[in-house]
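# Reading the structure
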Amino acid sequence: MCAKLATDAMNTFASSNAPAFIDGISERIRALKPYQPGKPIEEVKRELNITGEIIKLASNENPLGPSPAALTALTDVLSGLALYPDGGCHDLRAAVAAKLGVTGDQVIFGNGSDEVIHLLGLVFLQPGDTVVIGDPTFVLYEATAVLNGAEAVKVPLTPDLVHDTSAMADAFSERTRLVFIANPHNPTGTLITRAAVDTLLARLPTRALLVLDEAYGEYVDAPDYPHALDYVRAGVPVVGLRTFSKIYGLAGLRVGYGIAAPEVIRVLNQPRSPFNVNLAAQAAATAALGDAAFLDRSRRANQEGMRMLEAGFTRLQLPYVPSHANFLLVDVGRPSRAVFDGLLRRGIIVRTGEVLKHTTRQRLTVGTANQNAKFLSVLEDVLSRTPPPPNALP
């Protein structure tokens, strides 16, 4: 519903019948492309009149749900909902700082890590600056550039759908202020190595910051993974982003954080809204952070689910991109919209590749064993009813 309202608003901007109070709205606002989330379960039930189970594999949420410790913490704070939350996130800040081995003034919290991306743009970007990003990538990187009058310099991924760090470095100039890299990358799940990041940093302009978005970092099991925290500790101009929305299972509470040098955190806090992280989110995130057993279980479930889906795609002869996150990008060999619609009518929500500039690919979250099995079964049936184009490669 929210995405539809945003799209309708953009259409109003473009309409010759727009009301007078729309006149004078900044072109930067008009140029923004609203984020298109995965379809909510209730919306699919309403639209298609489905009364049975809906499996949502569209938004990379944890299929195991929230940490049990987080649920207990939520119950404990319900009686305090009439009070404003701690604007400084004291308990959560102390927990994160202790876990990461940093000081509290090196951490900033947001209404999801999305808000920290927004704050980075507000603080560091001015008209005429450039932001270097991959193409395709998470839409909010470009949005923060557009919103602040900067130019988003889009660098195509390699043929293997990995960030082309050499080409990104070639795109640097004296105007470059921010460089965003999602690692693992969204929407492809691919990874860049420490060597690639080191090479990029060696060419980073003096005025620029490298932002390593590690929303899926807890899922990575690779010895050469370049942790943003290591660079922050070394005093390198890097900002790391993390979220409680993915492996911690708290997407509905919207809480994430950034880690950086104290000087960076200080200026990011200048435009931050007071009480931007609500009471429930702070309590649940603090508890979830200490639930190591739940994180281990989530990692194991994701690894097992990934293997199950990869085996299914291999059996169906569908090429997929090896992923280090909790989702997969698979080529279904047919227009993705047709396959998306076929799955949707059967109660399975994925992400169409059209939004991701991949016309025959789908992105799907790794679900539970039962969800993955049902998805593969339904996908096989949908593919049998949706023949590939005559000129498609075998």
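Notes on the structure in this doc start here. Everything quoted here is computed from the prediction, not taken from an experiment.

Another aspect to go through is the sheet that holds strand β12 (residues 351–352). Here we have four strands laid out as an open sheet, ordered β9-β10-β13-β12, and antiparallel in their pairing. Every interior strand has two partners, whereas the edge strands, β9 (320–321) and β12, have only one. Examined bridge by bridge, strand β10 (residues 327–331) and strand β13 (residues 361–365) share five bridges and lie antiparallel to one another. Considered in β13, the bridge of Phe 327 is made with Thr 365. Packed on one face of the sheet, helix α13 (residues 292–315) meets β9, β10 and β13 and runs near 5° to β10.

Of note, Ser 59 is situated in the loop between β1 (55–56) and α4 (68–77). When its relative accessible area of 17% is taken as the criterion, Ser 59 is described as buried. Polar contacts involving the side chain of Ser 59 include one to the side chain of Lys 56, which spans 3.4 Å. Among all residues touching Ser 59, those that are not within four sequence positions of it are Gly 38, Lys 246, Arg 363 and Thr 365.

On to the pairing of strand β3 (residues 130–135). The buried count for β3 comes to five of six residues, which makes it a mostly enclosed element. The handedness of the β3 to strand β4 (residues 151–156) crossover, carried by helix α7 (residues 139–147), is right-handed. Sheet topology note: the β3/strand β5 (residues 176–182) ladder contains three bridges and is parallel. Note that in β5 the partner of Thr 130 across the bridge is Thr 176.

Note that the residue after Asp 135, namely Pro 136, is joined by a cis bond; omega there is 5°. As for its placement among the helices and strands, Pro 136 is situated in the loop between β3 and α7. Residue Pro 184 follows Asn 183 across a cis peptide bond; omega there is 5°. Secondary-structure assignment places Pro 184 in the loop between β5 and α9 (194–202). Phi is positive for Leu 161, which is not a glycine, with a value near 65°. A residue is classified by how much of its surface remains accessible, and Leu 161, at 9% relative accessible area, is buried. Its identity as a non-glycine residue notwithstanding, Phe 275 has a phi of 55°, on the positive side. Inspection of the secondary structure puts Phe 275 in the loop between α11 (262–268) and α12 (279–289).

What counts and what doesn't
- Residues numbered from 1 in each chain as written.
- Predicted model: local features only at pLDDT ≥ 70, side-chain atom pairs only at ≥ 80, totals over all residues.
- Heavy atoms only, no water.
- Pairing = 2+ DSSP bridges.
- Helix = DSSP H or I, 4+ residues; strand = E, 2+ residues; numbered from the N terminus.
- Contact = heavy atoms within 4.5 Å.
- Axes fitted to C-alpha atoms, helices over the stretch in contact; angles between N-to-C directions.
- Buried < 20%, exposed > 50% of the residue type's maximum accessible area, 1.4 Å probe, protein only.
- Polar contact = N/O pair within 3.5 Å; in protein donor to acceptor, adjacent residues only side chain to side chain.
- Right-handed = clockwise from strand over helix to strand, strands pointing away.

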